[in-house]
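# Residue-level structure breakdown
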Amino acid sequence: MIDDPTRLPDEGALRALVPRVLAALVRRGEDFDAAEDALQDALLEALRVWPEHPPRDPRAWLATVATRRLVDARRSEAARRRREEATYAEPRPGAAEAGDDTLFLLFCCCVPHLAPASQVALTLRAVGGLTTREIADAFYVPEATMAQRISRAKRTLQGRRLDQPGDLAVVLRVLYLVYTAGHAGRVDLAGEAIRLARQLTLATDEPEARGLLALMLLNHARLAARFDAEGRIVPLDRQDRDLWDTREIAEGVRILQSALAAQCPGRYQIEAAIAALHDDAASSDETDWAQILAWYDDLVALSDDPVRQDPAAVLGRAVAVGHVLGSAGGLRETDRLRQVLGERHRWHAVRGHLHELGGDLAAAATAYAEAARRATDVAERDHLVRSAARARAVSARCPERSEPSAR
Amino acid sequence: MPKYLLLKHYRGGPAPHHPFPPMDQWAPEDVEAHMAFLRHVSELLEENGEFVGAHALTPTRTWVRYGGPDAAPVTTEGPHPETSDLVAGWYMIDVESYQRALQVAAYVSSEPGPGGKPLYEWIDVREVMSEAPADA
């Protein structure tokens, strides 16, 4: 399906139309659920028909076909129940910009009481224009399962007024979830998340939206270097930096700077700043860890109780502390997290890294092996087993480098 | 064609052919060779048109049962969490015959261990019941 040449030329343009057509239908007073189904039908029809008969106005074509589907569906259902038109949003005057449509639909899909998996699936379909099949493939579940997840999510939305102000923080979190899921699957979800975040920045001036887009770009720039030809993880300090995408880095930095200029830093801007400092180093030895630590201080300061509310930030900060003040200091920072993260693989992996940094390879090997036992991702587990074996081999060869663990 | 589940175990099964340490204590090049072999097995099965799926499981296990009405599920790590049988992962294959399934399983079991020598790991082979009668 992916290598079918007939659907490639129009797909990007086609998918970009989805939020505009759907938003128009919903604003007109159509039920979100029914409109979304009708548009999905129209999209499948377009993929079938357009290669032979390209439409003159694709957007109007989609709107017309979706409307026809809605009318058909309504006729067959009319006997059973009357439409609940009054429940739904009145058209908002003058809201015809593409960016407004995207934001409007993102708010529809990312209502806070939906489960994150449902928010993600709904966003990818209603805003991203992916087919149910593509979303199912991306998350390695059967198509019927994903279809059910989407229709349950939409049932939850039924009867909700869709013109309420949305929660941008939820939208940002959902887009970031799409992005992080995108490194594993077969469909390029990372690219999709970037596309959606880009649309979002056209719709809102909120600096955190730009911070999120910058963060995605600055991480995505390193994608080609993150795995070798055999699919093995290559950690940041061993990556071939020539493989990094300098254009993506430049764009990420530019967007981050424009966000930071608003003087209203939030977690995505801060994380983007940290990513930018990593991207900025010509070699891992030249990484400006002092600046990275300063940003981590800001990140941790966003929470009242960072150990409980944002342990990932405290753990990231521990690595920076290890590089700036020495491994013993970093390890002490991780001790604060033992209660919260002690059973997670990342906590052990970070301790392995810090032990290695301090030259205690025997302790590093033990920590990496502990991390491997707790890993939930095959590539990561394999990477940790390798790290353990490597550290153990070096510590066996040069025992003088290996001192007893400090703890 | 019948489907078979080839189960790999963290522990349990017949007495091992020979003892070997956990993989994080192998020489790095032996770890690489082992992982490369497993990648090669999946590729080979895919090329043969015999591959259905493969998954690894984490070693953490929780037994759970219904707790009764209005009660939380009851969980335990099991009667002998350190020694009981523990599945590590599986291949699901779709092959011509039982003989072919045994052949594939034996090949998986030849995976290289410390010093590049075969592990002779026991593989648990189970036929998957089909959903429809064979003559349907």
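The structure contained in this document is the topic of the report that follows. (Residues numbered from 1 in each chain as written. Chains lettered and ligands numbered in written order. Predicted model: local features only at pLDDT ≥ 70, side-chain atom pairs only at ≥ 80, totals over all residues.)

## A word on the overall build of chain A
Of the regular secondary structure elements, chain A holds 21 helices and 0 strands. Taking all 407 residues of chain A together, the buried fraction comes to 42%. Taking contacts inside chain A between residues at least 6 apart in sequence as the whole, the part at least 24 apart equals 62%. (Helix = DSSP H or I, 4+ residues; strand = E, 2+ residues; numbered from the N terminus. Buried ≥ 20, exposed ≤ 12 C-beta atoms within 10 Å, placed from the backbone. Contact = placed C-beta atoms within 7 Å.)

## A short note on the overall build of chain B
Per the secondary structure count, chain B includes 2 helices and 6 strands. Ordered by position in the sequence, the α and β elements of chain B form the string β-α-β-β-β-β-α-β. On C-alpha atoms alone, chain B measures out to a radius of gyration of 18 Å, which is more than a quarter above the 14 Å that the 2.2 N^0.38 rule sets for 136 residues. Considering only C-alpha atoms, chain B reaches an extent of 55 × 50 × 25 Å along its principal axes. Out of the 136 residues in chain B, the part that is buried amounts to 14%. In chain B, of all internal contacts separated by at least 6 residues, the share reaching a separation of at least 24 is 71%. (Rg over C-alpha atoms; globule rule 2.2 N^0.38 Å.)

## Observations concerning the interface of chain B and chain A
Of the residues lining the interface, 12 residues belong to chain B; the matching set on chain A comes to 16 residues. Among the elements that take part in the side of chain B that touches chain A, helix H1 (residues 28-48) of chain B stands out by supplying 4 residues, more than any other. The class makeup of the residues in the side of chain B that touches chain A is 8 nonpolar, 2 polar and 2 charged. (Nonpolar A, V, L, I, M, F, W, Y, C, P; charged D, E, K, R; others polar.)

## Comments concerning helix H20 (residues 361-374) of chain A
All names here are of chain A. A rise of 1.5 Å per residue sets the reference length of H20, with its 14 residues, at 20 Å; its end C-alpha atoms lie 20 Å apart and thus fit the reference within 8%. For H20, a buried count of 11 out of 14 residues is recorded, marking the element as mostly surrounded by other parts of the structure. Within H20, the full set of buried residues consists of Leu361, Ala363, Ala364, Ala365, Thr366, Ala367, Tyr368, Ala369, Glu370, Ala371 and Ala372. On its buried face, H20 is in contact with helix H19 (345-357) and helix H21 (378-397). (Expected span 1.5 Å × (residues − 1).)

## Concerning the nonpolar core
All names here are of chain A. Residues Leu39, Leu175 and Tyr368 are the most contacted members of the largest nonpolar core, which totals 113 residues. If one sorts the elements of this core by residue count, H20 sits on top with 9 residues. Once residues within four sequence positions are removed from consideration, Leu39 is found in contact with Val18, Val21, Leu22, Leu25, Leu62 and Ala66. (Core = buried A, V, L, I, M, F, W, Y, C linked by C-beta atoms within 7 Å.)

## Here's the deal with the environment of Leu102 of chain B
Along the polypeptide, Leu102 of chain B turns up in helix H2 (residues 98-109). C-alpha of Leu102 of chain B to C-alpha of Ala33 of chain B: the two residues are 69 residues apart in sequence and 23 Å apart in space.

## Quick word on the environment of Val385 of chain A
Examined against the element boundaries, Val385 of chain A turns out to sit in helix H21. Looking at Val385 of chain A, the number of C-beta atoms within 10 Å reads 25, which means it is buried. Note: C-alpha distance between Val385 of chain A and Tyr368 of chain A (17 residues apart in sequence) is 6.9 Å. What Val385 of chain A contacts, discounting residues up to four positions off in sequence, is Ala372 of chain A together with Met23, Asp24 and Val31 of chain B.

## Comments concerning unusual backbone geometry
All names here are of chain A. Positive phi is not limited to glycine here, since Tyr140 has a value of about 55 degrees. By secondary structure assignment, the location of Tyr140 is in the loop between helix H6 (132-138) and helix H7 (143-157). Note on Tyr140: 11 C-beta atoms within 10 Å, which makes it exposed.

## Details of the packing of helix H5 (residues 116-126) of chain A against helix H8 (residues 168-181) of chain A
Residues and elements named next belong to chain A. One way to put it is that H5 packs onto H8 with a least axis distance of 10 Å and a crossing angle of 80 degrees. In this view, H5 runs roughly perpendicular relative to H8, as classed from their interaxial angle. Where H5 approaches H8, its residues Pro116, Gln119, Val120, Thr123 and Leu124 are matched on the opposing element by Val174, Leu177 and Val178. For the contact of H5 with H8, the residue count by class is 6 nonpolar, 2 polar and no charged. (Axes fitted to C-alpha atoms, helices over the stretch in contact; angles between N-to-C directions. Parallel < 35°, antiparallel > 145°, perpendicular 65-115°, else oblique.)

## Observations regarding H19 of chain A
Residue and element names in this part refer to chain A. Here H19 spans 18 Å end to end across 13 residues, near enough to the 18 Å set by a 1.5 Å rise per residue. Burial of H19 is extensive: 11 of the 13 residues sit out of reach of the surface. Where H19 is concerned, the buried positions are His345, Trp347, His348, Ala349, Val350, Arg351, Gly352, His353, Leu354, His355 and Glu356. Each element contacted by the buried residues of H19 is listed here: helix H16 (311-325), helix H17 (327-335), helix H18 (338-341), H20 and H21. Immediately downstream of H19, the backbone of Gly359 shows phi near 85 degrees, a positive value.

## Examining the sheet that holds strand S2 (residues 51-56) of chain B
Residue and element names in this part refer to chain B. One open sheet holds the 4 strands; their spatial order is S2-S5-S1-S6, and the pairing between them is antiparallel. Edge positions in the open sheet fall to S2 and strand S6 (124-128), since each of these has one partner strand only. The sheet shows a mean angle of 20 degrees between the axes of neighbouring strands, direction not considered. Sheet topology note: the strand S1 (residues 3-11)/strand S5 (residues 86-94) ladder contains 8 bridges and is antiparallel. (Pairing = 2+ DSSP bridges.)

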